Structure formats: C-alpha cells, structure tokens
Amino acid sequence: MRVIKTGTFSDFSYNQIKTAFRFLLYMAIPLLICDDSSMARKQVARSLPDSWDVDITYATNGYEGIEAIRAGKGEMVFLDLTMPGLDGYGVLESVKSEELKAVIIVISGDIQPEARERVKSLGALDFIKKPINKDKLQEVLLTYGLLEL
Amino acid sequence: MPNLKIDEIHRDAMQEITNVAMGQAGDKLARLLDTFVILSIPHIDIMRPSDIVMALQAVDSRDSVSGVCQGFIGGGISGEAMLLFNDTSFTDLAKLMNYDDELDQQAERELLMDATNVLFGACLNGIAEQIDVSFSFGPPLVLGQHRKFSEIFNTENAKWENALVTEINYQLENYDVNCDLLIIMTEESLDLLFKKLDYLLEA
C-alpha cells in the first residue's frame, strides 16, 4: 500500500473509511435483529439475502437491542415496535439521543401510516410490514443501496 | 389451573400472528376514527371462563361495560370473538364518529356495532389468512350494555371449560377510548391450530 499524505483521512467520513476497510478485509456487517417474538426473529433471519455477509446478533427487547447497538453489534438493525420494556420507539429515541451509528429498518405489524411517519421522524431508514419475506426485504435493501445484485 | 397447556413455541407463534392481525385491524380502526391507535402486546393463554375477567385490560369487574360477541368457524377451528368497551369510551367514540345527536342506548349500540364490524373482521381474517384457513361468521350479538362484566359473561353458563384465549387491547391516543377484543378458541380446535402454526414455523 502506498503511503497516504497526512491529512487525507480527514477528507473521508468515518463510515466511508470503515466501508473501504470492510471491503478489503471481507468483514461481515454486524446485524442486529430485535424482536420479542422468536418466530419473528427467525422469519427475519430467513428473509436475509443469501449473498449477504452478516454477523447476526439477536435481541428480545429494546434494552437488549440498545446494549447491542452500543457494543457495535448493530450497524444495521431490523427493529420491531411492540416489545415489552423498552419498545421500538424507545430504541429509536435512544439511538438518536446518544448519536449511535446504526442504520435501522423497522419491521412491524403496526401498519398505521402514522406509525410509519413517526419511526421515520425518529431516524428509521424505512418501514416494512409484517409478515416479512425475502422479496420485501430485498426490495428495500436494493432501494437504499444496502445490497447489490 | 387447567390441564390443557400451550407450550412456549406455539404461544409465541400465536402471539406473532395475532400481532400482525391486530395491526391490520388497528389500522382500519385508526382510519375509521381518524386517530392513532395504541397497540400493545397481545396476551395469550389457556383459560377457564373464570380466568377471563383477570385477563381484561380495558375493563374491571366493577366497571360498567358494553359488549358484543360473534362466533366463527373454519378449517377445523372454531370459537367466539368478544369485544368489550368500557362505558366511559362512548362519549369520545361518538365525538370521533361525528355523532352529534344525544347519545342514547340505541346510538351507543350503533357505535358498538360499527367498531365490532371493523375489528372482528380484520382481526379474525388476518389470523385466518396467516394460517391458511378461512372463517365463516355467525351474526354478531350484543351481550349487554351498561352492565357489569360478570352480568354480561356468566362463567356458570359458559359452554366451555378450557379454551385458548387471545386478549387484544386497543386504546386511542389522546382519547378516553379503551376496549378489549377476546378471541376464544375451543379446546377441540387446538390440535389443528398448532399444526397450522407448526407449518408456519417450518416454512
């Protein structure tokens, strides 16, 4: 590798650098699936694209979810809304207030348009209706360039 | 405690499909009333008739309530859905439905039936669709208005001993409207229901 001029790194964002290194080192994306239902967690895991190199962590409520994100296990998060203890809205609020780095997609049965607007205003990238399947998830991931075919 | 039990895997699966179905029904209610519906986690367990009052969130044994029930059957699964409104809900419900006249028993009955039609259909069909069956419905019956829950639902007269009860609570944000939707599935339905859930778990 050629020596890079001092200061060049500051031209890139933290995420760009990390993405570049991930590509070089073939690092898997730390993915968090946060849902209180074990069936729902499995449905999400089964819907992931086959080509996706991810390192999956599971959380069964919002508190576990936030802990995992703080620990760097949730750069990408699939988040349920209705959960005991801290719910999905609470997770989004914590991520926002603590300025944690996480790309969050809400997967919920609460299909009220208002719920979608609320999660987006709290920083969620998008909203997918339950029950999830491979096609729905792939479509959203492609839309945001999180997956390349 | 009843002898019949539901294991954690089936309870979890039933909770998740209920979660999806109650979300669809909640969305319909939100559109009808043009307000936001607060969803909570459904409560699912095998119960005896005498356990039901304890499972209710919207009403208390002392409260004055109004209720409707409707039978359903299909794909070897049968039971009854029950919707219970705390009577304090009707003032706000009438406001949200733009009902301007004086709120008498007949008017409240209409509001009750409107809510029933939206919630029962969407919720039960939502469950049926996920487990790949289709339900037929009996006529909705008003169980009673402005009475105590124990008068509406007499545990002595219940036709069942043990049943799978799903309790769904709906509240409206910024309004004093609170109701419980109960889905009571007969003991005889459970083998088939669990098979359907297994299929869903393996899919």
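Quick note: structure is the one above.
Below is a summary of the structure that appears in this document. Bear in mind the structure is a predicted one, so any value in this text is a computation, not a measurement. (Residues numbered from 1 in each chain as written. Chains lettered and ligands numbered in written order. Predicted model: local features only at pLDDT ≥ 70, side-chain atom pairs only at ≥ 80, totals over all residues. Heavy atoms only, no water.)

### Section: the overall build of chain A
- Tallying secondary structure elements over chain A gives six helices and five strands in all.
- For chain A, the N- to C-terminal ordering of α and β elements is α-β-α-β-α-β-α-β-α-β-α.
- Counting across all 149 residues of chain A, residues that qualify as buried make up 44%.
- Residue pairs in contact within chain A that sit at least 24 positions apart in sequence constitute 63% of those at least 6 positions apart. (Helix = DSSP H or I, 4+ residues; strand = E, 2+ residues; numbered from the N terminus. Buried < 20%, exposed > 50% of the residue type's maximum accessible area, 1.4 Å probe, protein only. Contact = heavy atoms within 4.5 Å.)

### Let's talk about the interface of chain A and chain B
- In this assembly, 22 residues from chain A lie in contact with 25 residues from chain B.
- A combined buried area of about 1800 Å² lies between chain A and chain B, and 54% of that area is made up of carbon and sulfur atoms.
- In terms of surface lost to chain B, no three residues of chain A exceed A:Met39, A:Thr82 and A:Gln112, which account for 35% of the buried area on that side.
- Inspection of the chain A/chain B interface yields two salt bridges. (Buried area = accessible area lost by both parts, 1.4 Å probe. Salt bridge = Lys/Arg side-chain N within 4 Å of Asp/Glu carboxyl O.)

### Quick word on the packing of aromatic side chains
- A full pass over the atoms with the stated rule returns five aromatic pairs over all chains.
- Judged by centre distance (5.5 Å) and plane angle (15 degrees), the rings of B:Phe149 and B:Phe153 are stacked. Grouping residues by exposure puts B:Phe149 and B:Phe153 together as buried.
- The rings of B:Phe149, B:Phe153 and B:Trp160 are connected pair by pair, giving a single aromatic cluster.
- If you follow A:Arg118 out to its NZ or CZ, it ends over the ring of B:Phe36, 3.8 Å from the centre. (Phe/Tyr/Trp six-rings, centres within 6.5 Å; stacked < 30°, edge-to-face > 60°. Lys NZ or Arg CZ within 6 Å of the ring centre and 35° of its normal.)

### A short note on the pairing of strand β5 (residues 126-129) of chain A
Residue and element names in this part refer to chain A.
- Inspection of the sheet shows strand β4 (residues 103-108) paired to β5 by four bridges, in the parallel sense. The residue of β5 that forms the bridge with Val-106 is Phe-127.
- Handedness of the β4-helix α5 (residues 113-121)-β5 crossover: right-handed. (Pairing = 2+ DSSP bridges. Right-handed = clockwise from strand over helix to strand, strands pointing away.)

### Details of the side chain of A:Asp80
Residue and element names in this part refer to chain A.
- Here Asp-80 is to be found in the loop between β3 (76-79) and α4 (88-97).
- The exposure class of Asp-80 is buried, given its relative accessible area of 1%.
- For Asp-80, the side chain forms a polar contact with the side chain of Lys-130, separated by 3.3 Å.
- Here Asp-80 is in contact with Cys-34, Asp-35, Asp-36, Gly-88, Ile-107, Ser-108 and Lys-130, once residues within four sequence places are set aside. (Polar contact = N/O pair within 3.5 Å; in protein donor to acceptor, adjacent residues only side chain to side chain.)

### Thoughts on the sheet that holds β3(A)
Residue and element names in this part refer to chain A.
- Across the sheet, which stays open at both edges, the five strands sit in the order β2-β1-β3-β4-β5 with parallel pairing between neighbours. Lying at the two open borders of the sheet, with one neighbouring strand each, are β2 (54-59) and β5. Recorded for the sheet is a direction-independent mean angle of 20 degrees between the axes of neighbouring strands.
- Bridge count for β3 against β4 is four bridges, and the pairing is parallel. Its bridge partner being in β4, Phe-78 is matched across the sheet by Ile-105. (Axes fitted to C-alpha atoms, helices over the stretch in contact; angles between N-to-C directions.)

### Some remarks on helix α6 (residues 134-143) of chain A
Residue and element names in this part refer to chain A.
- For α6, the full list of buried residues reads Leu-137, Val-140 and Leu-141. Each buried residue of α6 lies within a common arc of 100 degrees when the element is viewed along its axis, so the set occupies one face. The exposed residues of α6 that point more than 90 degrees off its buried face are Asp-135, Glu-139 and Thr-143.
- Here the buried face of α6 lies against α2 (38-47), β3, β4 and β5.
- For α6, the side-chain oxygen to backbone nitrogen distance between the N-cap and Asp-135 is 3.1 Å, and the N-cap itself is Asn-133.
- One or two steps after α6, the chain reaches Gly-145, where phi turns positive at roughly 65 degrees. (Arc of directions from axis to C-beta.)

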